[in-house]
Amino acid sequence: MLLMTETNLDVFHAQLLTPQDAPAMDQLCAACGTPGGPDTAALLQTNAVLGDYAGTDTLQAAIAMLPMFGADGQGIVLAPPAFTAQYLPVRRFLAMALGLAKQRCASYHIWAALPLTPTPDGEELCAQYLASGLTLRAVVPLDSQQLLVFAAHTPVGRGSTVRRVHLQDPALSRLLERGGAVADFGWDKQGLVLSVRRME
C-alpha cells in the first residue's frame, strides 16, 4: 500500500506551477486521462496549481485549488489530482495542497471532490485523502457516477462508531446524510473500511 511505502521515498519537490509549466501539465493530464486543454495556461496564471516533478524532468503530480463562491461565503475546492502511477508521496502532496488552501482561506470553506472508484486504486486514494487530514462528508450523484465530497475543519466525535462500512456500501451515503462523517479508516480482507462517526 502507498501508505506504507511512502516513507521510503525521499524525492519531494512540490511547488506552485507557473504558465511555463502548461505543456508539462497537459502531458500529465493526457497520460492520466484527466481533462486539460486551452484553459491550462490561464489556470496556471492564478497561482492555484500545486505540482511536483519529484526530481525528474517530467511533471509527476498536480492538483488545482479552485475558487468556490456560494450563498454562505467563499472557499476553495481541491480538484481531483493527476499523478503518475510511479508517484508515491500522495498523502504528503495532498496534505501540502490542503495546507496551502487553509492559508488562503482559513476562515472559509475548504472542500475536495473525488470520483468514487470501488477498485483497489480508488480505495487507496480515498484513504490518502483521509490520511492527509480531510473528512468525508457526502457521497453525491454526478452524471453516471458518484462523487466523494471531503471537507476540512470538520469536528468529528471520537466516541462510539456509528457504523463501519466499505467504500462501495450503499449505506454509506445514507449514514453521511444523517449527520455522519468519516475521518479515520482501516483495512480488512474486502478492502477499505470507513468508520462513520457523528459530527460534534
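Heads up: these notes are all about the structure in this document. (Residues numbered from 1 in each chain as written. Predicted model: local features only at pLDDT ≥ 70, side-chain atom pairs only at ≥ 80, totals over all residues. Heavy atoms only, no water.)

To continue, consider unusual backbone geometry. With a phi close to 60°, Asn-47 is a non-glycine residue in the positive phi region. By secondary structure assignment, the location of Asn-47 is in the loop between helix H3 (40–44) and strand S2 (49–52). With a phi close to 50°, Ala-54 is a non-glycine residue in the positive phi region. Summarising the element assignment, Ala-54 is placed in the loop between S2 and strand S3 (61–70). (Helix = DSSP H or I, 4+ residues; strand = E, 2+ residues; numbered from the N terminus.)

Attention now moves to the layout of surface pockets. Approximately 800 Å³ is the volume attributed to the largest pocket. Lining the largest pocket are 31 residues, and of these Thr-34, Pro-80, Pro-81, Ala-82 and Phe-83 lie nearest its centre. Put simply, the parts of the chain that give the lining of the largest pocket at least two residues each are helix H2 (22–32), H3, S3, strand S5 (82–83), strand S6 (109–115) and helix H5 (120–131). Across the lining of the largest pocket, the residue classes tally to 22 nonpolar, six polar and three charged. (1 Å grid on protein atoms, 1.4 Å probe; cavity = no way out; pocket = protein on both sides within 12 Å on 5 of 7 lines; lining within 4 Å. Points joined across faces, edges and corners; volume = space filled by probe spheres on them. Nonpolar A, V, L, I, M, F, W, Y, C, P; charged D, E, K, R; others polar.)

The next subject is H5. For H5, built from twelve residues, the straight-helix expectation of 16 Å at 1.5 Å per residue is met to within 8% by its first-to-last C-alpha distance of 16 Å. Taking burial as the measure, the twelve residues of H5 include nine buried ones, the bulk of the element. Within the sequence span of H5, burial applies to Gly-122, Glu-123, Glu-124, Leu-125, Cys-126, Ala-127, Gln-128, Tyr-129 and Leu-130. Note on H5: the residue one or two positions beyond its end, Gly-133, has a positive phi of about 115°. (Expected span 1.5 Å × (residues − 1). Buried < 20%, exposed > 50% of the residue type's maximum accessible area, 1.4 Å probe, protein only.)

These figures capture arrangement, not role.
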